[in-house]
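One letter stands for each residue in the lines below.
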Amino acid sequence: MKRIIVAIDGFSSCGKSTMAKDLAKSVGYAYVDSGAMYRSVTLFCQRNGLIKEGVVDETALRERIDDIHIEFKFNEERQRNETFLNGENVEDEIRTLAVSSQVSIVSSIGFVRRAMVALQQSYSKDKGIVMDGRDIGTVVFPDAELKIFLTASPEIRAQRRYDELKQKGMEEPYEDILENVKQRDHLDMTRAESPLRKADDAIELDNGEMTIEDQRRWLLDIFKERVK
Ligand code: DC
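Residues numbered from 1 in each chain as written. Predicted model: local features only at pLDDT ≥ 70, side-chain atom pairs only at ≥ 80, totals over all residues. Heavy atoms only, no water.

Concerning the packing of aromatic side chains
So, point 1. Considering all chains together, one arrives at three aromatic pairs under this definition.
So, point 2. When the centroid spacing of 6.4 Å and the interplanar angle of 65° are considered together, the rings of phenylalanine 72 and tyrosine 123 count as edge-to-face. Remark: tyrosine 123 occurs in the loop between α5 (110-122) and β8 (129-133) and phenylalanine 72 occurs in strand β5 (residues 70-75); sequence separation between them is 51 residues.
So, point 3. Look at tyrosine 123 and you get partly exposed, because its relative accessible area is 27%. (Phe/Tyr/Trp six-rings, centres within 6.5 Å; stacked < 30°, edge-to-face > 60°. Helix = DSSP H or I, 4+ residues; strand = E, 2+ residues; numbered from the N terminus. Buried < 20%, exposed > 50% of the residue type's maximum accessible area, 1.4 Å probe, protein only.)

Structural notes on the site of the ligand
So, point 1. The local shell around the ligand holds 16 residues, among which Ser34, Arg39, Arg113, Asp135 and Arg191 are the closest.
So, point 2. Between serine 34 and the ligand, the recorded distance is 3.0 Å, taken from a side-chain N or O atom to a nitrogen atom.
So, point 3. In this structure, arginine 113 approaches the ligand through a side-chain N or O atom, which is 2.7 Å from an oxygen atom.
So, point 4. The fraction of the free accessible surface of the ligand (440 Å²) that becomes covered by protein chains is 97%.
So, point 5. At the level of elements, α2 (34-47), α4 (97-107) and α8 (174-190) are the ones that each hand at least two residues to the shell around the ligand.
So, point 6. The greatest single-element share of the shell around the ligand, amounting to four residues, is contributed by α2. (Near = heavy atom within 4 Å. Polar contact = N/O pair within 3.5 Å; in protein donor to acceptor, adjacent residues only side chain to side chain. Areas by Shrake-Rupley, 256 points an atom, 1.4 Å probe, with all protein chains shown as cover.)

Things to note about the nonpolar core
So, point 1. Counting 35 residues, the largest nonpolar core has Val41, Leu61, Ile68 and Val112 as its most contacted members.
So, point 2. Those elements that provide at least two residues to this core are β1 (5-10), α2, α3 (58-64), α4, α5, β8 and α6 (136-140).
So, point 3. Setting aside chain neighbours within four positions, we find valine 41 in contact with Leu61, Ile68, Ile70, Val106, Val112 and Met116.
So, point 4. Core analysis: the second largest hydrophobic core is formed by 25 residues, Ile8, Cys14, Tyr29 and Val130 among them. (Core = buried A, V, L, I, M, F, W, Y, C linked by side-chain atoms within 4.5 Å. Contact = heavy atoms within 4.5 Å.)

Side note on α2
So, point 1. Taking 1.5 Å of rise per residue, the 14 residues of α2 would be expected to cover 20 Å, and the 20 Å separating its terminal C-alpha atoms lies within 8% of that figure.
So, point 2. Here α2 lies mainly inside the structure; eleven of its 14 residues are buried.
So, point 3. Regarding α2, the residues found buried are Ser34, Ala36, Met37, Tyr38, Arg39, Ser40, Val41, Thr42, Leu43, Phe44 and Cys45.
So, point 4. If you check the start of α2, you find a side-chain oxygen 3.1 Å away from the backbone N of glycine 35, and it comes from aspartate 33. (Expected span 1.5 Å × (residues − 1).)

Notes on the sheet that holds strand β6 (residues 80-85)
So, point 1. Reading across the sheet, the three strands line up as β5-β6-β7 and stay open at both edges, with antiparallel pairing between neighbours. A single partner strand is all that each edge strand has here, and the edge strands are β5 and β7 (88-89).
So, point 2. Both β6 and β7 contribute to a ladder of two bridges, which runs antiparallel. If you follow leucine 85 over to β7, its bridge partner there is glutamate 88. (Pairing = 2+ DSSP bridges.)

Side note on the pairing of β6
So, point 1. Most of β6 sits inside the fold, with five of its six residues counted as buried.
So, point 2. Two successive antiparallel strands, β5 and β6, enclose a turn made up of four residues, where glutamine 79 displays a positive phi of approximately 55°.

Brief notes about helix α1 (residues 16-27)
So, point 1. Between its first and last C-alpha, α1 extends 17 Å over twelve residues, near the 16 Å set by a 1.5 Å rise per residue.
So, point 2. Listing the buried residues of α1 in full gives Lys16, Met19, Ala20, Asp22, Leu23 and Ala24.
So, point 3. Looking at the buried residues of α1, the elements they touch are β1, β2 (30-33), β8, β9 (146-151), β10 (203-206) and α9 (212-227).
So, point 4. Glycine 28 lies just past α1 and shows a positive phi near 75°.

And the structure:
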(Lines give C-alpha, C1' and ligand atoms only; values in the text may rest on other atoms or scores of the structure.)
Protein backbone atom coordinates (compact mmCIF):
# COMPACT_ATOMS: atom_id res chain seq x y z
CA MET A 1 0.00 0.00 0.00
CA LYS A 2 1.43 3.38 -0.91
CA ARG A 3 1.74 6.17 1.66
CA ILE A 4 -0.05 9.36 0.70
CA ILE A 5 -0.66 12.94 1.81
CA VAL A 6 -4.22 13.73 2.90
CA ALA A 7 -5.23 17.41 2.86
CA ILE A 8 -8.42 18.41 4.69
CA ASP A 9 -9.53 22.00 4.19
CA GLY A 10 -12.69 23.91 4.95
CA PHE A 11 -14.39 26.54 7.06
CA SER A 12 -13.66 27.02 10.76
CA SER A 13 -15.29 24.60 13.22
CA CYS A 14 -16.36 22.21 10.50
CA GLY A 15 -14.93 19.22 12.29
CA LYS A 16 -11.81 19.10 10.12
CA SER A 17 -9.54 18.26 13.00
CA THR A 18 -11.84 15.53 14.35
CA MET A 19 -11.93 13.99 10.90
CA ALA A 20 -8.20 14.37 10.33
CA LYS A 21 -7.25 12.99 13.77
CA ASP A 22 -9.57 10.00 13.39
CA LEU A 23 -8.14 9.09 10.02
CA ALA A 24 -4.53 9.53 11.14
CA LYS A 25 -5.14 7.29 14.14
CA SER A 26 -6.95 4.59 12.13
CA VAL A 27 -4.27 4.34 9.47
CA GLY A 28 -1.18 5.11 11.57
CA TYR A 29 -0.34 8.44 9.88
CA ALA A 30 0.98 11.61 11.49
CA TYR A 31 -1.57 14.37 12.10
CA VAL A 32 -0.75 18.08 11.80
CA ASP A 33 -3.18 20.83 12.82
CA SER A 34 -2.02 23.81 10.76
CA GLY A 35 -4.59 26.13 12.41
CA ALA A 36 -2.84 25.52 15.75
CA MET A 37 0.29 27.02 14.21
CA TYR A 38 -1.45 30.28 13.23
CA ARG A 39 -3.11 30.31 16.64
CA SER A 40 0.29 29.98 18.32
CA VAL A 41 1.72 32.89 16.35
CA THR A 42 -1.33 34.92 17.40
CA LEU A 43 -0.80 34.05 21.06
CA PHE A 44 2.88 35.01 20.73
CA CYS A 45 1.80 38.41 19.30
CA GLN A 46 -0.73 38.97 22.06
CA ARG A 47 1.73 38.10 24.81
CA ASN A 48 4.40 40.33 23.37
CA GLY A 49 2.22 43.37 22.72
CA LEU A 50 2.50 43.02 18.94
CA ILE A 51 -1.24 43.58 18.36
CA LYS A 52 -2.59 46.99 19.28
CA GLU A 53 -6.26 47.84 18.76
CA GLY A 54 -6.65 44.99 16.34
CA VAL A 55 -3.62 45.95 14.27
CA VAL A 56 -0.49 43.79 14.08
CA ASP A 57 2.88 45.54 14.33
CA GLU A 58 4.24 43.75 11.29
CA THR A 59 7.71 45.27 11.50
CA ALA A 60 8.18 44.02 15.05
CA LEU A 61 6.67 40.62 14.22
CA ARG A 62 8.92 40.19 11.20
CA GLU A 63 11.95 40.83 13.43
CA ARG A 64 10.77 38.21 15.91
CA ILE A 65 9.32 35.56 13.61
CA ASP A 66 12.44 33.39 14.00
CA ASP A 67 11.93 33.43 17.79
CA ILE A 68 8.66 31.52 17.38
CA HIS A 69 9.17 27.78 17.71
CA ILE A 70 6.14 25.54 17.32
CA GLU A 71 6.09 21.81 17.99
CA PHE A 72 3.48 19.11 18.40
CA LYS A 73 3.73 16.30 20.94
CA PHE A 74 1.37 13.46 21.61
CA ASN A 75 0.12 13.36 25.21
CA GLU A 76 -0.30 9.66 26.02
CA GLU A 77 -2.29 10.33 29.17
CA ARG A 78 -4.81 12.60 27.49
CA GLN A 79 -4.60 10.78 24.18
CA ARG A 80 -4.29 13.99 22.19
CA ASN A 81 -1.81 15.98 20.18
CA GLU A 82 -0.69 19.13 21.98
CA THR A 83 0.82 22.31 20.66
CA PHE A 84 3.96 23.79 22.21
CA LEU A 85 5.03 27.39 21.73
CA ASN A 86 8.68 27.90 22.63
CA GLY A 87 8.57 24.83 24.84
CA GLU A 88 5.33 25.73 26.65
CA ASN A 89 2.16 23.68 26.28
CA VAL A 90 -0.39 26.17 24.87
CA GLU A 91 -2.94 23.65 23.59
CA ASP A 92 -5.84 25.06 25.65
CA GLU A 93 -4.88 28.71 25.53
CA ILE A 94 -4.78 28.85 21.72
CA ARG A 95 -8.44 27.66 21.58
CA THR A 96 -9.88 30.58 23.58
CA LEU A 97 -12.11 33.17 21.94
CA ALA A 98 -9.44 35.79 22.70
CA VAL A 99 -7.09 34.01 20.29
CA SER A 100 -9.85 33.00 17.83
CA SER A 101 -10.92 36.61 17.47
CA GLN A 102 -7.46 37.77 16.31
CA VAL A 103 -6.10 34.75 14.45
CA SER A 104 -7.53 35.82 11.09
CA ILE A 105 -5.57 39.07 11.06
CA VAL A 106 -2.33 37.30 11.93
CA SER A 107 -2.91 34.49 9.41
CA SER A 108 -3.50 37.00 6.63
CA ILE A 109 0.11 38.29 6.81
CA GLY A 110 2.23 37.04 3.91
CA PHE A 111 5.51 36.45 5.74
CA VAL A 112 3.70 34.60 8.55
CA ARG A 113 2.06 32.32 5.99
CA ARG A 114 5.33 31.67 4.18
CA ALA A 115 7.04 30.69 7.46
CA MET A 116 4.18 28.37 8.44
CA VAL A 117 3.88 26.80 4.98
CA ALA A 118 7.62 26.00 4.96
CA LEU A 119 7.27 24.34 8.36
CA GLN A 120 4.17 22.41 7.24
CA GLN A 121 5.91 21.17 4.10
CA SER A 122 8.88 20.00 6.17
CA TYR A 123 6.60 17.50 7.98
CA SER A 124 5.81 15.53 4.84
CA LYS A 125 9.24 14.09 4.04
CA ASP A 126 8.10 10.48 4.02
CA LYS A 127 4.40 11.17 3.33
CA GLY A 128 1.96 9.30 5.59
CA ILE A 129 0.50 12.56 6.85
CA VAL A 130 -2.96 14.04 7.40
CA MET A 131 -3.01 17.82 7.64
CA ASP A 132 -6.01 20.10 8.12
CA GLY A 133 -6.35 23.82 7.46
CA ARG A 134 -7.48 26.29 4.81
CA ASP A 135 -4.82 26.10 2.09
CA ILE A 136 -3.42 22.60 2.48
CA GLY A 137 -4.78 21.26 -0.81
CA THR A 138 -4.20 24.51 -2.71
CA VAL A 139 -0.86 25.86 -1.45
CA VAL A 140 0.90 23.59 1.05
CA PHE A 141 0.43 20.28 -0.77
CA PRO A 142 -1.06 20.97 -4.20
CA ASP A 143 -0.02 17.42 -5.21
CA ALA A 144 -1.69 15.70 -2.25
CA GLU A 145 -3.19 12.39 -3.37
CA LEU A 146 -6.41 12.94 -1.38
CA LYS A 147 -8.04 16.32 -0.80
CA ILE A 148 -11.23 16.91 1.14
CA PHE A 149 -13.14 20.20 1.41
CA LEU A 150 -15.53 20.27 4.38
CA THR A 151 -18.51 22.56 4.83
CA ALA A 152 -21.47 22.99 7.23
CA SER A 153 -23.73 25.97 8.04
CA PRO A 154 -22.33 28.73 10.32
CA GLU A 155 -25.03 27.94 12.93
CA ILE A 156 -24.10 24.27 13.15
CA ARG A 157 -20.42 25.14 13.34
CA ALA A 158 -20.97 27.74 16.08
CA GLN A 159 -22.94 25.19 18.10
CA ARG A 160 -20.11 22.69 17.76
CA ARG A 161 -17.53 25.22 18.92
CA TYR A 162 -19.80 26.24 21.80
CA ASP A 163 -20.15 22.60 22.91
CA GLU A 164 -16.42 22.02 22.60
CA LEU A 165 -15.52 25.06 24.71
CA LYS A 166 -18.18 24.22 27.29
CA GLN A 167 -16.83 20.72 27.62
CA LYS A 168 -13.42 22.20 28.37
CA GLY A 169 -14.94 24.53 30.99
CA MET A 170 -14.36 27.58 28.76
CA GLU A 171 -18.01 28.50 28.01
CA GLU A 172 -18.59 31.60 25.84
CA PRO A 173 -21.93 33.05 24.66
CA TYR A 174 -23.27 31.23 21.57
CA GLU A 175 -24.03 34.54 19.80
CA ASP A 176 -20.41 35.70 20.20
CA ILE A 177 -19.14 32.43 18.78
CA LEU A 178 -21.53 32.60 15.82
CA GLU A 179 -20.39 36.14 15.11
CA ASN A 180 -16.75 35.02 15.27
CA VAL A 181 -17.41 32.07 12.93
CA LYS A 182 -19.07 34.36 10.33
CA GLN A 183 -16.37 36.97 10.63
CA ARG A 184 -13.61 34.39 10.18
CA ASP A 185 -15.36 32.85 7.15
CA HIS A 186 -15.41 36.26 5.57
CA LEU A 187 -11.79 37.08 6.39
CA ASP A 188 -10.54 33.61 5.41
CA MET A 189 -12.27 33.80 2.00
CA THR A 190 -11.44 37.38 1.12
CA ARG A 191 -7.81 37.72 2.25
CA ALA A 192 -5.27 38.39 -0.49
CA GLU A 193 -2.79 35.72 0.68
CA SER A 194 -3.95 32.13 0.05
CA PRO A 195 -7.68 32.70 0.58
CA LEU A 196 -9.80 29.73 1.60
CA ARG A 197 -11.05 28.00 -1.52
CA LYS A 198 -11.77 24.49 -2.62
CA ALA A 199 -9.00 22.94 -4.73
CA ASP A 200 -10.32 21.86 -8.14
CA ASP A 201 -9.53 18.24 -7.38
CA ALA A 202 -10.89 18.22 -3.80
CA ILE A 203 -13.93 16.17 -2.79
CA GLU A 204 -16.52 18.41 -1.11
CA LEU A 205 -18.50 17.15 1.88
CA ASP A 206 -21.24 18.99 3.80
CA ASN A 207 -21.14 17.18 7.14
CA GLY A 208 -23.88 19.27 8.78
CA GLU A 209 -26.21 16.30 9.14
CA MET A 210 -23.58 13.60 9.56
CA THR A 211 -22.43 11.95 12.75
CA ILE A 212 -18.73 11.65 13.49
CA GLU A 213 -19.03 7.92 12.86
CA ASP A 214 -20.69 8.48 9.41
CA GLN A 215 -17.90 10.86 8.54
CA ARG A 216 -15.21 8.48 9.71
CA ARG A 217 -16.51 5.64 7.56
CA TRP A 218 -16.99 7.89 4.53
CA LEU A 219 -13.38 9.09 4.69
CA LEU A 220 -11.87 5.70 5.44
CA ASP A 221 -13.58 4.21 2.36
CA ILE A 222 -12.20 6.94 0.13
CA PHE A 223 -8.76 6.64 1.70
CA LYS A 224 -8.65 2.87 1.07
CA GLU A 225 -9.47 3.46 -2.59
CA ARG A 226 -6.68 6.03 -2.94
CA VAL A 227 -3.90 3.95 -1.39
CA LYS A 228 -4.62 0.82 -3.46
O1 DC B 1 -8.65 25.63 11.95
P2 DC B 1 -8.62 26.75 13.00
O3 DC B 1 -9.96 27.37 13.26
O4 DC B 1 -7.94 26.33 14.25
O5 DC B 1 -7.71 27.89 12.33
C6 DC B 1 -7.45 29.08 12.98
C7 DC B 1 -7.28 30.20 11.98
O8 DC B 1 -6.06 30.04 11.27
C9 DC B 1 -8.38 30.34 10.94
O10 DC B 1 -9.24 31.43 11.23
C11 DC B 1 -7.68 30.59 9.64
C12 DC B 1 -6.24 30.33 9.90
N13 DC B 1 -5.68 29.24 9.12
C14 DC B 1 -5.14 29.54 7.90
O15 DC B 1 -5.19 30.68 7.48
N16 DC B 1 -4.53 28.58 7.18
C17 DC B 1 -4.47 27.32 7.62
N18 DC B 1 -3.86 26.40 6.89
C19 DC B 1 -5.06 26.98 8.86
C20 DC B 1 -5.67 27.97 9.58
